[in-house]
Amino acid sequence: MTDKSRHIWEGWTAGDFIEALQPQLDMIMAGQSWRKPLKTRTELEAWCRDSQPYYKESIPEVVQFFAHRYEIRE
């Protein structure tokens, strides 16, 4: 299970990053965006890293949460 309470950066927790990314990623994965739905964990990790506010390093808890939510296995 994902630890959403882990502090990541300057008061931001993993849960805060998830909350910031979720609306946009929901649209992408539902096919309601110009971007095609993400199919691999590598694509998901790159998208999260590039799209999350302020912090541009991969956050394992964020990637794990979304991989589980959208059933991305690879």
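Residues numbered from 1 in each chain as written. Predicted model: local features only at pLDDT ≥ 70, side-chain atom pairs only at ≥ 80, totals over all residues. Heavy atoms only, no water.

### Notes on the overall build of the protein
Using the following cut-off: Put simply, DSSP H or I for four residues or longer makes a helix, DSSP E for two residues or longer makes a strand, and each gets a number counted from the N terminus. Radius of gyration here uses only the C-alpha atoms, and the compact-globule reference equals 2.2 Å multiplied by the residue count raised to the power 0.38. Throughout this description, buried means an accessible area under 20% of the type-specific maximum (1.4 Å probe, protein chains only), exposed means over 50%, and partly exposed covers the range between. Whether two residues are in contact is decided by their heavy atoms: any pair within 4.5 Å suffices. His residues and chain termini do not enter the charge count, which takes Lys and Arg as positive and Asp and Glu as negative. Charge placement uses NZ in Lys and CZ in Arg. For Asp and Glu, CG and CD serve respectively.
Counting secondary structure elements, the protein contains three helices and two strands. Whereas a compact globule of 74 residues would reach a radius of gyration of roughly 11 Å, the protein reaches 12 Å, a difference of no more than 12%. Reported as C-alpha extents along the three principal axes, the dimensions of the protein are approximately 35 × 25 × 15 Å. When the 74 residues of the protein are sorted by exposure, 35% land in the buried category. Sequence separation of at least 24 residues holds for 55% of the intrachain contacts in the protein that already meet a minimum separation of 6. Side chains of the protein carry 10 positive and 12 negative charges; the gap between the two charge centres is 6 Å.

### Some words on the packing of aromatic side chains
Applied cut-off: We call Phe, Tyr and Trp rings a pair once their centres come within 6.5 Å, taking the six-membered ring for Trp, and we label the pair stacked below 30 degrees between planes, edge-to-face above 60, and tilted otherwise.
Taken as a whole, this structure holds five aromatic pairs when the rule is applied. Summarising the aromatic geometry, the rings of W12 and Y54 are spaced 5.4 Å apart at their centres and angled 65° between planes, so their arrangement reads as edge-to-face. Here W12 is found in strand β2 (residues 12-13), whereas its partner Y54 is found in the loop between α2 (41-51) and α3 (60-69), with 42 residues between them in sequence. With relative accessibility at 58%, the residue Y54 sits in the exposed group. Consider the rings of F66 and Y70, whose centres lie 6.2 Å apart with planes at 15°: the pair is stacked. The exposure class of Y70 is buried, given its relative accessible area of 19%. In this structure an aromatic cluster arises from ring pairing among W12, F17, Y54 and Y55.

### Topic: the nonpolar core
This is how it is decided: Among buried residues, the Ala, Val, Leu, Ile, Met, Phe, Trp, Tyr and Cys ones that are joined through side-chain atoms within 4.5 Å form a nonpolar core.
Counting residues in hydrophobic clusters, the biggest one holds 20 residues, and the most contacted among them are L25, L44, W47, C48, V62 and F66. At the level of elements, α1 (14-29), α2 and α3 are the ones that each hand at least two residues to this core. Among the elements that make up this core, the one with the highest residue count is α1 (six residues). Setting aside residues up to four positions removed in sequence, F66 forms contacts with I18, L21, Q22, L25, L44 and C48.

### Looking at the confidence of the model for the protein
Reading fine detail from the predicted coordinates is not recommended where pLDDT is low. The cut-off we apply is this: The pLDDT value tells you how sure the predictor is about a given residue, anywhere from 0 up to 100.
Averaged over every residue, the pLDDT of the protein is 91; residues scoring 70 or more account for 97%. For the protein, the element scoring lowest by mean pLDDT is strand β1 (residues 7-9), at 84; α2 scores highest, at 95.

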